[in-house]
Amino acid sequence: MQGFAGGGGGGGVGPTDLAQLQSTMHAIELACSSIQMHINPAAAEATILSLFQSPHPYKACQFILENSQVADARFQAAAAIRDAAIREWSFLQADDKRNLISFCLCYMMQHASSHEGYVQSKISSVAAQLMKRGWLEFAPAEKEVFFYQVNQAVLGAHGLDVQFSGISFVESLVSEFSPTTSSAMGLPREFHEQCQMSLELDYLKTFYCWTKDAALSVTNRIIESNSEVPEVKVCNAALRLMLQILNWDFRYNSRGTKTGINVFTAGLRSGSVSPRRSECILVQPGPAWRDVLISSGHIGWLLSLYSALRKKFLCEGYWLDCPIAVSTRKLIVQFCSLTGTVFSSDNGQMQEHHFLQLLSGILEWIDPPDVISKAIEGGKSESEMLDGCRALLSIATVTTPLVFDQLLKSMRPFGTLTLLSTLMCEVVKVLMTNDTEEETWSWEARDILLDAWTMLLVAMDSSSGNSLLPPEGINAAANLFSLIIESELKVASASATNEDYDTEYLQASVSAMDERLASYALIARAAVEYTIPLLTRLFSERFARLHQGRGIIDPTETLEELYSLLLIAGHVLADEGEGETPLVPNAIQTHFVDTLEPDKHPVIVLSGLIIKFAEQSFDAEMRASMFSPRLMEAVIWFLARWSHTYLMPHEELRENNCNPGSDQHRSLHSGKALLDFFSEHNQGKPVLDIVVRISLTSLISYPGEKDLQALTCYQLLHALVRRKNICFHLVSLDSWRELANAFANEKALFLLNSTSQRSLAQTLVLSAYGMRDSGASNQYVRSLLGPMTTYLVELSKKNNLKSAAQQPDVILLVTCLLERLRGAVGATEPRTQQALYDIGITVMNPVLILLEVYKHESAVVYLLLKFVVDWVDGQISYLEAQETAVVIDFCMRLLQLYSSHNIGKISISLSSSLLSEAKTEKYKDLRALLQLLSNLCSKDLVDFSSDTVEEESTNISQVVYFGLHIVTPLISLDLLKYPKLCHDGCLCSCAWNS
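Parameters and conventions
- Residues numbered from 1 in each chain as written.
- Predicted model: local features only at pLDDT ≥ 70, side-chain atom pairs only at ≥ 80, totals over all residues.
- Heavy atoms only, no water.
- Helix = DSSP H or I, 4+ residues; strand = E, 2+ residues; numbered from the N terminus.
- Buried < 20%, exposed > 50% of the residue type's maximum accessible area, 1.4 Å probe, protein only.
- Contact = heavy atoms within 4.5 Å.
- Areas by Shrake-Rupley, 256 points an atom, 1.4 Å probe, with all protein chains shown as cover.
- Core = buried A, V, L, I, M, F, W, Y, C linked by side-chain atoms within 4.5 Å.
- pLDDT = per-residue confidence, 0-100.
- Expected span 1.5 Å × (residues − 1).
- Phe/Tyr/Trp six-rings, centres within 6.5 Å; stacked < 30°, edge-to-face > 60°.
- Salt bridge = Lys/Arg side-chain N within 4 Å of Asp/Glu carboxyl O.
- Axes fitted to C-alpha atoms, helices over the stretch in contact; angles between N-to-C directions.
- Parallel < 35°, antiparallel > 145°, perpendicular 65-115°, else oblique.
- Left-handed = near helix turned anticlockwise from the far one by under 90°.
- Nonpolar A, V, L, I, M, F, W, Y, C, P; charged D, E, K, R; others polar.
- Polar contact = N/O pair within 3.5 Å; in protein donor to acceptor, adjacent residues only side chain to side chain.

Trainee: Quick one: what's the story with the overall build of the chain, residue by residue and with numbers?
Mentor: Counting its regular elements, the chain contains 46 helices and zero strands. Looking at the chain as a whole, 54% of its 994 residues qualify as buried. Nonlocal contacts in the chain, meaning residues at least 24 apart in sequence, comprise 76% of its contacts between residues at least 6 apart. Total accessible area on the chain is roughly 42400 Å²; 52% of this is exposed by carbon and sulfur atoms.

Dropping the structure here:
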């Protein structure tokens, strides 16, 4: 579009210029109207875009803002000023820059009473962005000129509408300077960081004080009025801005250096210690803010404001959700997250007084819990009660359990932990009563309160010392856990009789409730002397009920309850231990010190009871009538988690588990007795045998149950062979030999999915570490994998191979054996390397023959390639010169065969859908080939003699060079965009790491 008026913000306007400006305005107005009415939108968008892209459009944009009657046109004009100014900033004169900001600020103030709020908001945002763009250029005196006008507006010198506009501008400015909400300006990160530091150190506290004064100036009018007054809008905006400022990510101290995370408060814990369902932002502004936030009586004013408004509108139920009530409560809740050096170093007294003051105002939102919940069920808004729960979570996040509990005792005859327990008990009762699938207020309240318990207990649970709750807190935790168990069992029981019951209990995965159950476990461990016997009693009752009513009573409800108890008990007794060997939870180590007989230790009793229950699955009749695949999943999941912590712990781990830092000898004795009971010299080996037999049962007797088989192969069995001391006993068990024999010969195990096949093969090979020497280990591996290699060799020699190999059952068996061999070679260790090398050599020719036979079966081709890749990867670092030559020769033959049959390449005659599918397969092949070349390149030639180094290096180079010639045609422009292959279009390690 031609003819937009240019120039800066000043100068007169002649008749020609005026006509041009009006023409531009009408064009933009027409374009905006066309877009709204869906009339030729492409042309309309082009017109608006030409305004944005034209050089120096400021005069035209200002003219539109000042004269147009179309709000959308004014909005677009404001946006165009922003885009042009950011784009042309370096070329603008200093006066023009200041004039643009002044124009936006003046326009915003002059049109403060406008009802078109989105235009005002845009102008405010543009002013903030331009001010930030010039922030490092403007002298302090220049900034003060702008801020004097803003300060006068915020304090109400020009009326309520202008006051609201001034607050809105400061809100936009703070948002623009915050790293998380700033706009892109095409500038380096250092620019944004310098702006952030400058605003935080020099202006943020000042803005807060302005805003607080603005709120103070209108609150009396609001409280004294009997109806809604304009001051409410100003007060609400001020409260929102105060909340936004407190949400600022405070990073700098008074000297302008980064503070990092402030951990002044003893109870402060990182938000990453546990899964969080509720948001809690810590407020750590530093000592410079103490006079404003702590010493000035600011909290008292805020609480008094809310209390006065609450009493004033007590009879109007809707008031709890009106903007000013919500903003006030949010600000109060945010003050509950205040922590760090903003408090004096006075042994926590200032901080405790701060939280005590807040708690005194918040109590009426949540106490008494039963009265509050009845009112909510009767139709009252739940928002105030939920904010009260959030306040408790915030205080729990920044205090220790002991400090948290003491806060309430100055106002009530009980501690804050008791209030937290009573409140959550009431919420759980509501959940039990309402028995609905819809997520109601009680669901949200439960999650918030669970987070509060988690934040209080997680540090104590992981402590190496003897950290305990006060007796009242222990009773509170015990009572709460008892009700939680009752609730969970009721839900489990109901799910058995209601076919439409769609809850987490009907999900197949046993990890569906992990997050919530982990919090339940922390509560249970806080009162472990009560909760573990409770779990034992409940499990024992239901176990007995199964036998008493066998054949007479439908066991479904009882089995669902046992399923729930298995998951809860598993979380209470042991931690997940993902990626590391878990220790016995500290709470269990330090309790039950009076138990002198190990077989009466509550943890041993509960563990033995569950293992005895799991043994019932050996009986075919019991298995058919009671052990559904889903219940069996819970059994396997429990055994995997439990075994990783308690079964045959290594001597070193047993010493660590016994908590040597504790001062109580009896506690040490209790922990040692617990671990000794399941050690290899006591009951460990019989229990290990039971675990293996249960695993074999789950694999053989539940065909097609992929989730159960995955749990068994990957979590339970694979976890057992991670510990070498267990391997010594595994390989001596008849049950383990039965498992190995079933793996080699049982047809049911050939139906496992690919992941389970690989995992089980890897596990069985890894267990060879437990053999007496390398000779026995290699013989064990040959016996285990011999039938598979024999089948592949015999298949490759068949005269009718081409026709026989295409039969579905043969393809299925071949893919199964390849997956198993992949898993086996992935377990290569010095003890078993020779056997796995021999197996690879044995199947070399069959692999080449099968590659040719299955050249049109992309899935089989990929498995053949992956087997070779994994085998070479496991072997390459062990091979001598002669063996390396054999491997290199084989790889060259493989690559030549792959190339000669055009495998992996794409015919241009393919349809688009088939083309897409073929490309996906091509990428998989390419990654495998690249990884194979990478493995060959990694061969360390230092071990070779000087006579062979040059020859071997040449051979490897030839294979790699030839391999790159094969994979290069597979690379096309679309491949370079493939995110999982390569982020910058090069053949580098990122290509095969994915």
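Trainee: Tell me about the nonpolar core, and name the residues and values.
Mentor: By size, the foremost hydrophobic cluster in this structure holds 310 residues, and its most contacted members are Phe169, Phe207, Phe335, Met385, Phe613, Tyr646 and Trp736. Not counting the four nearest positions on each side in its chain, Phe207 is found in contact with Phe147, Val170, Leu173, Val174, Leu199 and Ile245.

Trainee: Break down the confidence of the model for the chain for me, with residues and values.
Mentor: Confidence along the chain averages 84 in pLDDT terms, with 81% of residues attaining 70 or more. Throughout residues 501–509 the model reports pLDDT below 50, and contacts reaching past four residues in sequence, or to other chains, amount to 27 contacts. Taken as a whole, residues 940–949 scores under 50 in pLDDT and shows twelve contacts with residues more than four places along the chain or in a different chain.

Trainee: Residues and numbers for helix α6 (residues 117–133), please.
Mentor: Compared with the 24 Å implied by 1.5 Å per residue over 17 residues, the 24 Å span of α6 between its first and last C-alpha is a close match. Counted residue by residue, α6 has twelve buried out of 17 residues, so it is predominantly covered. For α6, the set of buried residues is Val119, Gln120, Ile123, Ser124, Val126, Ala127, Ala128, Gln129, Leu130, Met131, Lys132 and Arg133. For α6, the elements touching its buried residues are α3 (58–67), α4 (71–88), α5 (94–110), α7 (140–154), α8 (160–177) and α9 (189–202).

Trainee: Tell me about the packing of aromatic side chains, and please be specific about residues and values.
Mentor: On inspection of all chains with the given rule, the structure shows 25 aromatic pairs. Taking 4.9 Å as the distance between ring centres and 75° as the angle between the ring planes, the aromatic pair formed by Trp135 and Phe177 counts as edge-to-face. Remark: Phe177 occurs in helix α8 and Trp135 occurs in the loop between α6 and α7; sequence separation between them is 42 residues. Each member of the pair, Trp135 together with Phe177, is buried.

Trainee: Can you break down helix α34 (residues 734–745) residue by residue, with the values?
Mentor: Counted at 1.5 Å a residue, the expected span for α34 with its twelve residues is 16 Å, and the 16 Å between its end C-alpha atoms agrees. Buried residues along α34 sit in contact with α31 (684–700), α32 (706–720), α33 (724–730), α35 (754–766), α36 (774–796) and α38 (808–825).

Trainee: Tell me about the pattern of salt bridges, and name the residues and values.
Mentor: Tallied over the entire structure, the rule returns 38 salt bridges. Measuring nitrogen to oxygen at the nearest pair gives 2.6 Å for the salt bridge that ties Glu142 to Arg98. Remark: Arg98 occurs in helix α5 and Glu142 occurs in helix α7; sequence separation between them is 44 residues. Of the charged contacts in the structure, one is a salt bridge between Arg390 and Asp387, with a shortest N-O distance of 2.8 Å. Here Arg390 and its partner Asp387 are both found in helix α17 (residues 383–397), three residues apart, which amounts to about one turn of the helix. Taking the relative accessible area as the measure of exposure, Arg390 reaches 27% and is therefore partly exposed. Via salt bridges that share partners, Arg537, Glu541, Arg542, Arg545 and Glu561 belong to a single interconnected network.

Trainee: Summarise the packing of helix α41 (residues 858–875) against helix α42 (residues 881–900); cite the residues concerned and give the values.
Mentor: With their axes 12 Å apart at the nearest point, α41 and α42 run at an angle of 160° to one another. Our classification of the angle between α41 and α42 gives roughly antiparallel. Crossing angle aside, the handedness with which α41 passes α42 is left-handed. In contact with Val861, Leu865, Val868, Trp871 and Val872 of α41, α42 contributes Val887, Phe890, Cys891, Leu894 and Tyr898. Of the residues contributing to the contact of α41 with α42, the split by class is ten nonpolar, no polar and no charged.

Trainee: Provide a residue-level description of the environment of Asp321, including the pertinent values.
Mentor: Mapped onto the secondary structure, Asp321 falls in the loop between α13 (298–312) and α14 (323–335). By relative accessible area, Asp321 is classed as partly exposed at 44%. For the pair formed by Asp321 and Glu384, sequence separation is 63 residues and the distance between their alpha carbons is 8.3 Å. If near-sequence neighbours (up to four positions away) are discounted, Asp321 is found in contact with Val326, Arg329, Ser381 and Ser383. Here the side chain of Asp321 touches Ser381 through a polar contact of 2.8 Å, side chain to side chain. A polar side-chain atom of Asp321 sits 2.6 Å from a polar atom in the side chain of Ser383.

Trainee: Outline unusual backbone geometry, listing residues and values.
Mentor: Here the amide bond leading from Asp367 into Pro368 is cis, since omega sits at 0°, within 30 degrees of zero. Relative to the helices and strands, Pro368 is located in the loop between α15 (349–366) and α16 (369–377). Phi is positive for His38, which is not a glycine, with a value near 60°. Its place among the elements puts His38 in the loop between α1 (15–36) and α2 (41–53). Although it is not a glycine, Asn40 adopts a positive phi angle of roughly 45°.

Trainee: Quick one: what's the story with the environment of Gln110, residue by residue and with numbers?
Mentor: Tracing the sequence through the fold places Gln110 in helix α5. According to the relative accessible area criterion, Gln110 is exposed, its value standing at 62%. When the C-alpha positions of Gln110 and Val162 are compared, they lie 7.8 Å apart, and in sequence the two are 52 residues distant.

Trainee: Describe the packing of α3 against α4, naming the residues involved and giving the relevant values.
Mentor: Where α3 meets α4, the closest approach of the two axes is 8 Å, and the angle between their N-to-C directions is 155°. Regarding the angle of α3 to α4, the classification is roughly antiparallel. Considering only the axes of α3 and α4, their crossing is left-handed. Residues Tyr58, Cys61, Gln62, Ile64 and Leu65 of α3 lie in contact with α4, whose contacting residues are Ala73, Arg74, Ala77, Ala78, Ala80, Ile81, Ala84, Ala85 and Glu88.

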